Amino acid sequence: MTNPETSTIPLVTDDETNVIRIENLHKSFGEHEVLRGVNAEVKSGEVVCVIGPSGSGKSTLLRCINGLETITSGNIWLGGYNLSDEKVDLNEVRKHVGMVFQHFNLFPNMTVVENITLAPIQVKKYSDDRARKEALELLRRVGLEDKADARPASLSGGQKQRVAIARALAMNPEIMLFDEATSALDPEMVGEVLGVIRSLADEGMTMVLVTHEMGFAREVADRVAFIDAGVIQEHGSPEDIFGAPKSPRLKDFLSKVL
Ligand code: ADP
Ligand code: MG
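On a predicted model such as this, the values are computed, not experimentally measured, just so you know. (Residues numbered from 1 in each chain as written. Chains lettered and ligands numbered in written order. Predicted model: local features only at pLDDT ≥ 70, side-chain atom pairs only at ≥ 80, totals over all residues. Heavy atoms only, no water.)

### So, the packing of helix α5 (residues 157-169) against helix α6 (residues 187-202)
- Two elements in contact, α5 and α6, have axes separated by 8 Å at closest approach and are oriented at 20°. Put simply, α5 runs roughly parallel to α6. Like other packed secondary-structure pairs, α5 and α6 cross with a definite hand, here right-handed. Listed contacts from α6 to G157, G158, Q159, Q161, R162, I165 and L169 of α5 are M189, E192, V193, V196, I197 and L200.
- When the residues that make up the contact of α5 with α6 are grouped by side-chain class, the tally is 7 nonpolar, 4 polar and 2 charged. (Axes fitted to C-alpha atoms, helices over the stretch in contact; angles between N-to-C directions. Helix = DSSP H or I, 4+ residues; strand = E, 2+ residues; numbered from the N terminus. Parallel < 35°, antiparallel > 145°, perpendicular 65-115°, else oblique. Left-handed = near helix turned anticlockwise from the far one by under 90°. Contact = heavy atoms within 4.5 Å. Nonpolar A, V, L, I, M, F, W, Y, C, P; charged D, E, K, R; others polar.)

Structure below.
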């Protein structure tokens, strides 16, 4: 028997710097080709923001990175694991990747702390005590230690999203993916969630953020990728992407959102 707590092999070893490597990724739903040859690399500790119009394939890209969608063709490596390799255990790889969604997806019938401890207890086989202790520590990090035994329904949107982030962090992921984590929030709650994401960036978490918060992307991203029509049309530093966009598509997009 392997010990589930120790059997997870680190995603990235010392001689690898690319945590995520995407090579000629194609993804179709039936006849509809959504991703048409995406190439990208994300280094350890890097924060990459993905921007682009609605329907351009941003969520599909994140779901492919997390192994939630099967890839039509191409390759995605997470550390040394190739997601297209049939021998790779996707459940094992997913333990390294935390994902936060627009609509929180908390379990409504569980308390905050139960939401956070579920996966550590079931997947990592933590004891209830240890899982709760770590959950309380995570709640402290997101500023919600007093909400441990509350139900999600009693929380504001910003609080729910901070619980969702704590829940994702409970698995000690090496990569965090955020899909429009602030899009469903009232404006006054956006800041508290962005603040938590910013603190993760400062701690060196490798992150891919799909966001409509252009000001935040400019501030927090190491690199920004603009996706449209299923390919990365342009990528570069925030200064380049927002200050000196080259492609007509990106210029047009920015003229609508800035
Ligand atoms: P974005 O996140 O950039 O708004 P998505 O990745 O959600 O875009 O969607 C890209 C395209 O793929 C859209 O046209 C959408 O309708 C389609 N799509 C996404 N998921 C599915 C699915 N499960 N089945 C069929 N079509 C899908
Ligand atoms: Mg989306």
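### Observations concerning the site of ligand 1
- In the neighbourhood of ligand 1, the contacting residues comprise F29, H32, V34, P53, S54, G55, S56, G57, K58, S59 and T60.
- A distance of 2.8 Å separates an oxygen atom of ligand 1 from a polar side-chain atom of K58.
- Within the side chain of S59, a nitrogen or oxygen atom sits 2.9 Å from an oxygen atom of ligand 1.
- Starting from 560 Å² of accessible surface for ligand 1 in isolation, the protein chains cover 59%.
- At the level of secondary structure, the elements contributing two or more residues to the shell around ligand 1 comprise β2 (32-43) and α1 (58-65).
- Top element by residues in the shell around ligand 1 is α1. It accounts for 3 residues.
- Its residues assigned to classes, the shell around ligand 1 shows 3 nonpolar, 7 polar and 1 charged. (Near = heavy atom within 4 Å. Polar contact = N/O pair within 3.5 Å; in protein donor to acceptor, adjacent residues only side chain to side chain. Areas by Shrake-Rupley, 256 points an atom, 1.4 Å probe, with all protein chains shown as cover.)

### Things to note about the packing of aromatic side chains
- Evaluated as defined, the whole model comprises 1 aromatic pair.
- A centroid spacing of 5.3 Å and a plane angle of 35° characterise the contact between F226 and F253, whose relative ring orientation is tilted. Taken together, the residues span a long stretch of sequence, with F226 in strand β9 (residues 223-228) and F253 in helix α9 (residues 248-257) at a distance of 27 residues.
- Overall, F226 belongs to the buried group, its relative accessible area being 0%.
- Across from the ring centre of W77, 4.2 Å away, lies the NZ or CZ of R21, which sits over that ring.
- Across from the ring centre of Y126, 4.0 Å away, lies the NZ or CZ of R130, which sits over that ring. (Phe/Tyr/Trp six-rings, centres within 6.5 Å; stacked < 30°, edge-to-face > 60°. Buried < 20%, exposed > 50% of the residue type's maximum accessible area, 1.4 Å probe, protein only. Lys NZ or Arg CZ within 6 Å of the ring centre and 35° of its normal.)

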